[in-house]
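For reference, the chains in residue letters:
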Amino acid sequence: MKSTTVVAALVLCLVSLNAVRAEDAVPNGLKDAKVGDWAEYSMKGSAKGHDVEMTQKRTVTAKDEKSITVKTDISVMGHAVPGREITIPLDKPYNPGVNDPDAKVEKVDEGDEKVTVNGKDYDAHWMHYKGTSKAGTPIDGKVWMAKGIGLGGMVKMEGTSDRGAVTMQLTNFGSK
C-alpha cells in the first residue's frame, strides 16, 4: 500500500508540473504536427523520499485548424496509469511543460545551450518558470526546446513542487 501512495503522490506531482501555463511561452510548435505524431519520454522522480521511474508517451489524436488534441499515457514502475487528453489551441503560444490556463506562472529566465539527451546533442532554447498551480501548489520548472522534435519540440524538462521532483527526457519521437 505504501508504494501505491508514493506512486499516486508522484503522479500528482507530474500532473502539477505538466499542468501549468506560461504567460511567456515559445511560439506554438504544434501547428505542423499531424494526427499520429508521437513523442516518448523517460522520467525519473522522487516523492516523499522514494525514487520512481516512469515513461510517458504523447500522441496527437485529433487536429483541426483551431486546435490539436494530445493524449498522454504514463507508465509508473511498469504499471499503466489511465491516459488523459488535452486540447491545445493553435493560435496561442505553447510550451509542453506549461498547459493549464488557470495556473499563475511567470518566466524567470531563458537562454540557449547545447543539451545532450539520450546520447544525442540538441541546440536547445530553455525557459525557467515559477508559479502556482490551480490547486495552489508552488511550481518551479525548466524546459528545453529544440527544432525538429515532434509535438512542440521538448527535449528535456525538470521541475519541483511541494510533492517532489521530476526530470523528463526525450527518448524517441515519430509518426504512425
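Bear in mind that the values here come from a model prediction, so they are computed numbers and not experimental data.

Novice: A description of the overall build of the protein should follow, citing residues and the corresponding values.
Specialist: Helix and strand counts for the protein come out as 1 helix and 9 strands. The order of α-helices and β-strands along the protein, N terminus first, is α-β-β-β-β-β-β-β-β-β. Looking at the 176 residues of the protein, the share that counts as buried comes to 44%. Long-range pairs, those at least 24 residues apart, make up 53% of the contacts in the protein with a sequence separation of at least 6. Of the roughly 9200 Å² that the protein leaves accessible, carbon and sulfur atoms contribute 50%.

Novice: Now, about the nonpolar core: what can you tell me, with residues and values included?
Specialist: As a rule of thumb, nonpolar side chains are buried together in soluble globular proteins. In this structure, Tyr122, Val155 and Leu170 are the most contacted members of the largest nonpolar core, which totals 35 residues. Going through the elements one at a time, strand S1 (37–47), strand S2 (50–63), strand S3 (67–76), strand S5 (104–117), strand S6 (120–132), strand S7 (138–145), strand S8 (154–161) and strand S9 (164–175) are the ones with two or more residues in this core. It is S6 that contributes the most residues to this core, 5 residues altogether. Residues contacting Leu170, with those up to four places away along its chain left out, are Ala39, Glu40, Tyr41, Val117, Asn118, Tyr122, Ile149, Met154 and Val155.

Reading guide: rules and limits
- Residues numbered from 1 in each chain as written.
- Predicted model: local features only at pLDDT ≥ 70, side-chain atom pairs only at ≥ 80, totals over all residues.
- Heavy atoms only, no water.
- Helix = DSSP H or I, 4+ residues; strand = E, 2+ residues; numbered from the N terminus.
- Buried < 20%, exposed > 50% of the residue type's maximum accessible area, 1.4 Å probe, protein only.
- Contact = heavy atoms within 4.5 Å.
- Areas by Shrake-Rupley, 256 points an atom, 1.4 Å probe, with all protein chains shown as cover.
- Core = buried A, V, L, I, M, F, W, Y, C linked by side-chain atoms within 4.5 Å.

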